[in-house]
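What follows is each chain in one-letter form.
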Amino acid sequence: MSTFDSVSHDVIGIGFGPSNLALAIAVREHNERAAQGGPGRVDALFAERQARFGWHRGMLIEGATMQVSFLKDLATMRDPTSEYGFLSYLREQGRLVDFINHKTMFPTRVEFHDYLEWAAARFADRVRYGTTVRALRPVTGENGDVVAVDVVAADGGTVGRARNVVLGMGLRPRLPAGVHVSERVWHNSDLLTRLKTLPELRHQRFVVVGAGQSAAEVAEHLHTTYPHAEVCAVFGRYGYSPADDSAFANRIFDPSAVDDFYDAPEHVKRSLLAYHGNTNYSVVDIDLIDELYRRVYQEKVAGRERLRILNTARVAGIDRLRDGVRVQIDHLSSGDRLPVECDALIFATGYEPADPADLLGELAPLCERDGRGRPRVARDYRLVTAPALRCGIYLQGGTEHTHGLSSSLLSNAAIRAGEILHSVLEHRAAHDLHDGRAPLAAR
Ligand code: NAP
């Protein structure tokens, strides 16, 4: 028996968020076609750290809406007839007509999360929840080439052996250097969980750092939920800036934009990211900006200012108090320092992709990096590796430097999943030809 014959899975996906869920759907739909005589079945298994499916649960703020059209769901862009699209979910819930009457492209995050859970539930047998993957261990063939990978869990057990691994581990909360999470200092990703256990407010004040969509949503939520508390929004820019969601700029998220970006020289890539960063980063939905401004103005009229915008400012120090936090806030133009005592300090300071190097371990030296130390990634999201690494390692996320702004976003998840599956199938067919085995279609 060759090593390949003992490989138990074509694909093991690490992480089961929307990206790998979209892949699971693409694989199942492929297998349904395979059962009717298409190319051979693909066996895919997924490992997920969380005990159950969840996507940014800590930010499922009541009333917050998606920033992306519901048509950019897990499947529709790849196959509008898929039964895993948002519209199929609505029909099953008996809300299709009501949703249509609603005349919106942007459902609430709570509803969209329910859709994701609905889809994930249909793959329960393919996901090992509560499983943290610690490492990928190479499996070598007779000539010393790495022909498969053992996916090793934190408890030392093996999730499985696979010829392809798809890393879809999502984004990690980013905190400013030197800031550590504590009982009263959080990243916004934990907002709702932390609020549940926050003791009674002693200072009646929150400080929120950042001027992106998360920061604005957190400020709005705290201001609404705690009607006696002051909310101080601290950020470096002069005011919240609107997300550019206009039609031409939005084309930067099109599937074809990935081709354009991928083929562009490095300096063009950099300028595209700079030109269109304001479709996604450090920007806020214009309706929310207007709502926050309306509140600031109304409070000025009423003579009690509870939503305070501390712009052109930064946090210069944090002291723990017995019943709260003292935050030193520097006003950048005057140089004045303002000490503010609050019940909780929330950093809405963005996210960064998980570094695949943490998992690659012994495989890392076989994976190529560019001149700036970033992974080299082929158009099909497969890491560029030394020839001796013959199995596929694919990235879902962490490819902004090669594939552009949509690399970790939902906008392109359905298409990306289809492209990765296509690549897995092509490599398998090439391998079978090389080994003189019957082509897939004949099996
Ligand atoms: P973000 O857009 O990256 O914004 C991060 C903010 O933190 C920026 O204002 C940034 O300021 C600031 N910041 C970063 N590092 C800092 C530091 N060391 N000190 C002080 N400030 C710092 O992050 P986000 O708001 O979390 O949004 C991330 C993504 O999630 C976006 O795609 C957004 O649309 C999405 N999102 C969606 C929803 C929704 O669907 N309803 C809700 C929330 C977020 P600078 O600009 O000065 O760097």
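Only a predicted model underlies this, so the values are computations on that prediction, with no experimental measurement involved. (Residues numbered from 1 in each chain as written. Predicted model: local features only at pLDDT ≥ 70, side-chain atom pairs only at ≥ 80, totals over all residues. Heavy atoms only, no water.)

Enquirer: I'd like a rundown of the domain arrangement of the protein, residues and numbers included.
Expert: Here the protein is described as being made up of domain 1 (4–170 + 354–442), domain 2 (173–243 + 280–347) and domain 3 (249–279). A straight line from the C-alpha centre of domain 2 to that of domain 3 covers 32 Å. In this complex, domain 2 contributes five residues to the contact, which on the side of domain 3 involves four residues. The contact between domain 2 and domain 3 buries some 290 Å² in all, and 49% of this surface belongs to carbon and sulfur atoms. For the domain 2 face of the interface with domain 3, the top three residues by lost area are Ala-243, Asn-280 and Tyr-281, together amounting to 82%. Remark: the boundary between domain 2 and domain 3 carries zero salt bridges. Joining domain 2 to domain 3, the criterion identifies two residue pairs in polar contact (both at pLDDT 80 or more). (Domains from an automatic or database assignment. Contact = heavy atoms within 4.5 Å. Buried area = accessible area lost by both parts, 1.4 Å probe. Salt bridge = Lys/Arg side-chain N within 4 Å of Asp/Glu carboxyl O. Polar contact = N/O pair within 3.5 Å; in protein donor to acceptor, adjacent residues only side chain to side chain.)

Enquirer: Break down the side chain of His-187 for me, with residues and values.
Expert: Considering the arrangement of structural elements, one finds His-187 in strand β8 (residues 185–187). In this structure the side chain of His-187 is engaged in a polar contact, spanning 2.9 Å, whose partner is the backbone oxygen of Gly-350. If we skip the residues at most four places from it in the chain, His-187 touches Pro-173, Arg-174, Leu-175, Ile-346, Phe-347, Thr-349, Gly-350 and Tyr-351. (Helix = DSSP H or I, 4+ residues; strand = E, 2+ residues; numbered from the N terminus.)

Enquirer: Report on the layout of surface pockets, specifying residues and quantitative values.
Expert: Within this model, the second largest pocket holds a volume of roughly 290 Å³. Mapped by element, the contributors of at least two residues to the lining of the second largest pocket are α10 (286–302) and β11 (307–310). Considering only residue class, the lining of the second largest pocket consists of 10 nonpolar, one polar and three charged. (1 Å grid on protein atoms, 1.4 Å probe; cavity = no way out; pocket = protein on both sides within 12 Å on 5 of 7 lines; lining within 4 Å. Points joined across faces, edges and corners; volume = space filled by probe spheres on them. Nonpolar A, V, L, I, M, F, W, Y, C, P; charged D, E, K, R; others polar.)

Enquirer: Could you give an account of the environment of Gly-58, with specific residues and numbers?
Expert: In this fold, Gly-58 is placed in the loop between β2 (44–47) and α2 (86–93). For Gly-58, a relative accessible area of 6% gives the class buried. For the pair Gly-58 and His-102, spaced 44 residues apart in sequence, the C-alpha separation works out to 26 Å. Not counting residues up to four positions away in its chain, the partners in contact with Gly-58 are Asn-188, Ser-189, Asp-190, Leu-191, Leu-192 and Thr-193. (Buried < 20%, exposed > 50% of the residue type's maximum accessible area, 1.4 Å probe, protein only.)

Enquirer: How would you sum up the site of the ligand? Please name residues and give values.
Expert: Around the ligand, the structure places 20 residues, and the nearest of them are Ala-211, Ser-214, Glu-217, Asn-280 and Ser-282. Contacts to the ligand include Ser-214, whose side-chain N or O atom sits 2.6 Å from an oxygen atom. In the environment of the ligand, an oxygen atom lies 2.4 Å from a nitrogen or oxygen atom belonging to the side chain of Asn-280. Isolated, the ligand exposes 920 Å² of accessible area, and the fraction of that covered by the protein chains is 71%. When residues of the shell around the ligand are assigned to their parent elements, the largest contribution, three residues, is made by helix α6 (residues 213–225). In terms of residue class, the shell around the ligand is built from six nonpolar, 10 polar and four charged. When residues of the shell around the ligand are assigned to domains, at least three map to each of domain 1 (4–170 + 354–442) and domain 2 (173–243 + 280–347). (Near = heavy atom within 4 Å. Areas by Shrake-Rupley, 256 points an atom, 1.4 Å probe, with all protein chains shown as cover.)

Enquirer: How would you sum up α10? Please name residues and give values.
Expert: Helix length check: α10, at 17 residues, gives a terminal C-alpha distance of 24 Å against a target of 24 Å (1.5 Å per residue), a fit within 8%. When we look at burial in α10, the residues that qualify are Leu-288, Ile-289, Leu-292, Arg-295 and Glu-299. Within α10, the buried residues cover an arc of 125° as seen down the axis, which keeps them to one side. For α10, exposure combined with an orientation more than 90 degrees from the buried face picks out Asp-287, Tyr-293, Lys-300 and Val-301. The elements touched by buried residues of α10 are α6 and β11. Phi turns positive one or two residues past the end of α10, at Gly-303, with a value near 85°. (Expected span 1.5 Å × (residues − 1). Arc of directions from axis to C-beta.)

Enquirer: Outline the sheet that holds strand β13 (residues 324–331), supporting the account with residue identities and numerical values.
Expert: Spatial ordering of the open sheet is given by β12-β13-β14, a layout of three strands whose pairing is antiparallel. Edge positions in the sheet fall to β12 (313–321) and β14 (337–342), since each has one partner strand and no second. Averaged over neighbouring strand pairs, the angle between their axes works out to 25° when direction is ignored. For β12 and β13, the ladder comprises eight bridges, and the chain directions are antiparallel. Looking across to β13, one finds that Arg-314 is bridged to Asp-330. (Pairing = 2+ DSSP bridges. Axes fitted to C-alpha atoms, helices over the stretch in contact; angles between N-to-C directions.)

Enquirer: Lay out the nonpolar core in plain terms, naming residues and giving numbers.
Expert: Residues Phe-16, Leu-21 and Leu-23 are the most contacted members of the largest nonpolar core, which totals 43 residues. Secondary structure elements with two or more residues in this core: α1 (18–35), β2, α2, α4 (109–121) and α13 (413–434). Among the elements that make up this core, the one with the highest residue count is α1 (seven residues). The residues touching Leu-21, leaving out its near neighbours within four places in the chain, are Phe-16, Phe-53, Leu-74, Leu-116, Ala-119, Ala-120 and Phe-123. Core analysis: the next-biggest nonpolar cluster, separate from the first, contains 30 residues, Leu-201, Ala-215, Val-218 and Leu-292 among them. (Core = buried A, V, L, I, M, F, W, Y, C linked by side-chain atoms within 4.5 Å.)

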